[in-house]
Structure formats: structure tokens, C-alpha cells
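Reading the structure
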Amino acid sequence: MNGTPDAVVVGAGPNGLAAALRLTAAGLRVQVVEAAGRPGGGMRTEELIRPGFHHDVCSTVQPLAAAAPFFREFDLQARGVRLVHPDVSFAHPLDGGRAAVSHRSLERTAAGLGADADAYRRLFEPLVERGGDIVDFFLTSRLRSLPTRSPLQIARFGLTGLPDVRWLAHRYFDTDEARALLGGAAAHGMLDLRRPLTSALGMLLAMLSHHVGWPLVEGGSQKLADAMVGALEEQGGEVVTGHLVTDLREFEGVPAVLLDTTPDAFVAMAGDRVHEGYRRWVRRYRHGAGVFKIDWILSEPVPWANADTRRAGTVHVAGTLAETIEGERAPNEGRVTDRPYVLAVQPTVPDPSRAPDGGHVFWAYVHVPHGSDVDMTDAIERQIERFAPGFRDTVVDRHTKNAVQMEQWNPTYLGGDISNGQTTLRQMLARPVPRWNTYKTPVPGVYLASSATPPGPAVHGACGDQAARVALREVFGVRHVPPLRPPLR
């Protein structure tokens, strides 16, 4: 880019790119600087093992990309991004060939839960009816004000979601299937499931299954990143890759700098421009468990004992709710377990384009202690084999990444923590520090725009979008949020 840009965004993950797109919508000249060799952050897709087999290195299943206000405005379809839906959003196998199954249809899901059918309807029907209002409220700045739409349902969601997921599951449900279905969704948050707020994530993800589904991006999550980069470039923005930023003085003279990074990285880049009080709060900010991930090439689909599980995009491999809770307790206490909660995705079930004809890709990860270099391959494959006898016979090749290697691949995943900070109740109320506007930093013109700010992790773009709105208002005097520009063609 010739000349000094109006704004620089450091980090080309979904939040960094969302921030850049909002800034360019205001007519600003924006440059995005990324340390990796390609943009996308957690949305990168790579041929990790063999040519023609496309693996999402981190983020694959995108319910919030389908539901979030930013991406609705971005208009995925107009940008050439196609979401594909599996027949079954997610499944949770149990011993004896049983499984709890979440369909796009709430009624069909409830009907499969037997004695808990009415209880499932009672919990989720009101949430699904107001799903759009709930998502919009929690993903926008309206979180700091009273809801103007569906206030009773939003209040009910908030109050019901405050306790731990075991409390909620036992309050509403009697069967192993229904309890496991809720617990498996809640475990996406990487928290000890005995902690407050784990009910909220379980409810939100289960509700999204019926509201918008749990789709994947056809061809890989990189397609979404590439569409965002393409939109930015056609509006005059620029993405520079392979450039590691270590000092904010590099951007002297740039009016606004937005950081899709960890809070620790900001403090390091800012040096003595950050006062000791802010530094202390950043030191108190807690990063949680890491992940150990395996990508496989398979000779055939996973031979799950339960037929419905074979049609699922996502599979939670953990057994009963009690086993799921214990599986997540271990890494949060600094331990590993031989019966972990395994989060698995079958991308080629809804999207055969990710592999050559007749080929299959499959991935799974488990949560491990922060910064652990433990190899969980055997524990993961034994858990899958437990519910899919003969699985190991289908393995053609595999690629693994431990928590240390995940951080090397993406420095935002400090210690392998793909959430950029625990999503505890305290850290969601003050993320990453207790300030009214947590996007602002002590350095004038510098803003945090990563998932270490509200509303937290996932591919929704809201953290970057909200940070960009603050920068537009404070630095450039733009009071009315400019709409994203439509495609030129």
C-alpha cells in the first residue's frame, strides 16, 4: 500500500478480517498484517498429509458464521461461500450402539429422546422461536443494555445458563441420551463442566442446531477466509502475510491500530507505553486447557455402531454425562485421562469435495493441560474404537499436533488454548480486563479486536466488528456505523 494507511489490523483471523472490512466500509485505507504465510487464522485449510485431502487445521463447523449478525450482513452466498449441512448436526454415541442425536428439526430431535421428549421441547422451543434475537443480543454491544426484543426469553436464557451443565441436565432430563447431548455441546467451551456458565454454552449450541444448523463451509473453512480477503482487496484494502509484528512503534503515524492477538502479545508490543495496572490485569487473565488434534485420511467412513452417528457432521465421543464431566475435569486440573472427551468432525460426510473420489478425511481433538506436549493418539483412537469397532482398520494415515505445536502454528493459541482465554463467568464479564470498554487499551488509538474481548471465541466476527466500531467513533468521529459494502460484481 502506497503511503500511510488510515488503520492497520494485526492478525488476519476472522475477527481481524471483520474489523478490516468494517473500517473499509467507512472509506478508510486499511492494511492487515499477518505473521503466517496465509490469512485465515483458525479458518485455514491445508493439505496436511497428501495432495487432494483438505483438512481444516482448527475451525470446521460454523453455526455462528451462519447465525451471526456480521456474517448475515457480509452475505456469504453473495460472496461465493456455500454452507453445507449434514443430515445430523451432531451426535453423542453411548455404549450398546445407542446415541443421542441432534437434527436440524427440533421436533425430530425431541422425538428421539423418548421419555425426555417433552422436557426437551419445553427447554428449547422458546429459545429456537427467539433464536435470532438471542444470538444478536449476545453477539453485539446490546449485551451492555436491556434487550429491546424478546426480553423475557433473553432473561430466561441468561438465568438458566448461569449454573453448571450438570445442574441443568439433571433438572430437565432423566435419560442418559438427553443429558449426554447437552453435556457434549457444553464441553466445546473447554471448561471444567462443574463451573458456572457451562449450561449457557450447551443451550446456545444445541439451540443453534435447530435455528441455523451446524454447517461446514464447502471446500474448507479457508474459503470463508479467502472470501473476506477478496472483499477487502476489492475495496482497496491490503493483506500482508509473513510479517511478525513485535513493536507497535512500527506503526507510528497510523491513526488506528487494531490487534487480533492475545492480550499478552499487545503488552509485549506496547512496551513501556502500558501502565503497570493494566499489565497486572493481563497477568491475571487466565488461558485455559490446550488441545491435542489428529487429522486422519480414512479408507472408508468411520464405522460407528450407531447408524445415525454415521450421518453426523460432528460427534462427541465421551459416553455418559458423568464421563463427559470427568473427561473435561482432568485437563482443567492439569491431568490427562485415558477416557477423554473427544470432539470429532466428519467433514467428508456433508462435503465429499474435501477428498478425492472414494477418499475420506476425519479429525478429532481432546483437551489437555495448558501447554502440554503429551501425545494423546492412543487415548483418542481407543475412545473412537469403543463406539466404532474396526475404526483403526480404516486409518490410512494421520497427522498430529500437540498443544505446543498448536501455539507454534497460531501464536494466538497460547499454550494450545484455542479460545484465547478461559470462558469463565468472570472472564466473560471482564474480558480481558475489567474496563467498561474492553476493546480500548491504555495506548491511544490502539484497540484489542480478538476473541480475548467480548463476546469471546468462535467464528462470528463480532469481536473485530465491535472493536472497529469503537475505533471509528473515537478516532475518526464516525457515529453512524457504515454498512458493509456489497460485492462489486
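Our subject is the structure listed above.
Residues numbered from 1 in each chain as written. Predicted model: local features only at pLDDT ≥ 70, side-chain atom pairs only at ≥ 80, totals over all residues. Heavy atoms only, no water.

Tallying secondary structure elements over the protein gives 19 helices and 16 strands in all. Rg of the C-alpha trace for the protein: 22 Å, near the compact-globule value of 23 Å for 489 residues, within the 12% margin. For the protein, the spread of C-alpha atoms along the principal axes amounts to about 65 × 50 × 45 Å. Within the protein, the proportion of its 489 residues that are buried is 60%. Pairs at least 24 residues apart make up 74% of the contacts formed inside the protein by residues separated by at least 6 positions. Surface exposure of the protein reaches about 18400 Å², of which carbon and sulfur atoms provide 49%. Within the protein, one finds 52 positive and 54 negative side-chain charges whose respective centroids are separated by 6 Å. (Helix = DSSP H or I, 4+ residues; strand = E, 2+ residues; numbered from the N terminus. Rg over C-alpha atoms; globule rule 2.2 N^0.38 Å. Buried < 20%, exposed > 50% of the residue type's maximum accessible area, 1.4 Å probe, protein only. Contact = heavy atoms within 4.5 Å. Areas by Shrake-Rupley, 256 points an atom, 1.4 Å probe, with all protein chains shown as cover. Lys, Arg positive; Asp, Glu negative; His and termini not counted. Charge placed at Lys NZ, Arg CZ, Asp CG, Glu CD.)

Contact geometry of helix 1 (residues 14-25) with helix 19 (residues 462-476) gives a least axis separation of 7 Å together with a crossing angle of 35°. For the crossing formed where helix 1 meets helix 19, the hand is right-handed. Here Asn15, Ala18, Ala19, Arg22 and Leu23 of helix 1 come into contact with helix 19, specifically with Ala462, Cys463, Gly464, Asp465, Ala468, Arg469 and Leu472. Split by residue class, the contact of helix 1 with helix 19 holds seven nonpolar, two polar and three charged. (Axes fitted to C-alpha atoms, helices over the stretch in contact; angles between N-to-C directions. Left-handed = near helix turned anticlockwise from the far one by under 90°. Nonpolar A, V, L, I, M, F, W, Y, C, P; charged D, E, K, R; others polar.)

Tallied over the full model, the rule gives zero disulfides. Free cysteine: cysteine 58, not disulfide-bonded; nearest cysteine sulfur from cysteine 463 at 14 Å. (Disulfide = S-S within 2.5 Å.)

Across the nine residues of strand 11 (residues 290-298), nine count as buried, placing the element largely inside the fold. Here strand 11 shows two buried faces, one formed by Gly290, Phe292, Ile294, Trp296 and Leu298 and the other by Val291, Lys293, Asp295 and Ile297. By the bridge criterion, nine bridges tie strand 11 to strand 14 (residues 360-368) in an arrangement that is antiparallel. Its bridge partner being in strand 14, valine 291 is matched across the sheet by histidine 367. As judged from the six bridges shared by strand 11 and strand 15 (residues 395-401), these two strands associate in the antiparallel manner. Counterpart to leucine 298 in the pairing with strand 15 is valine 395. (Pairing = 2+ DSSP bridges.)

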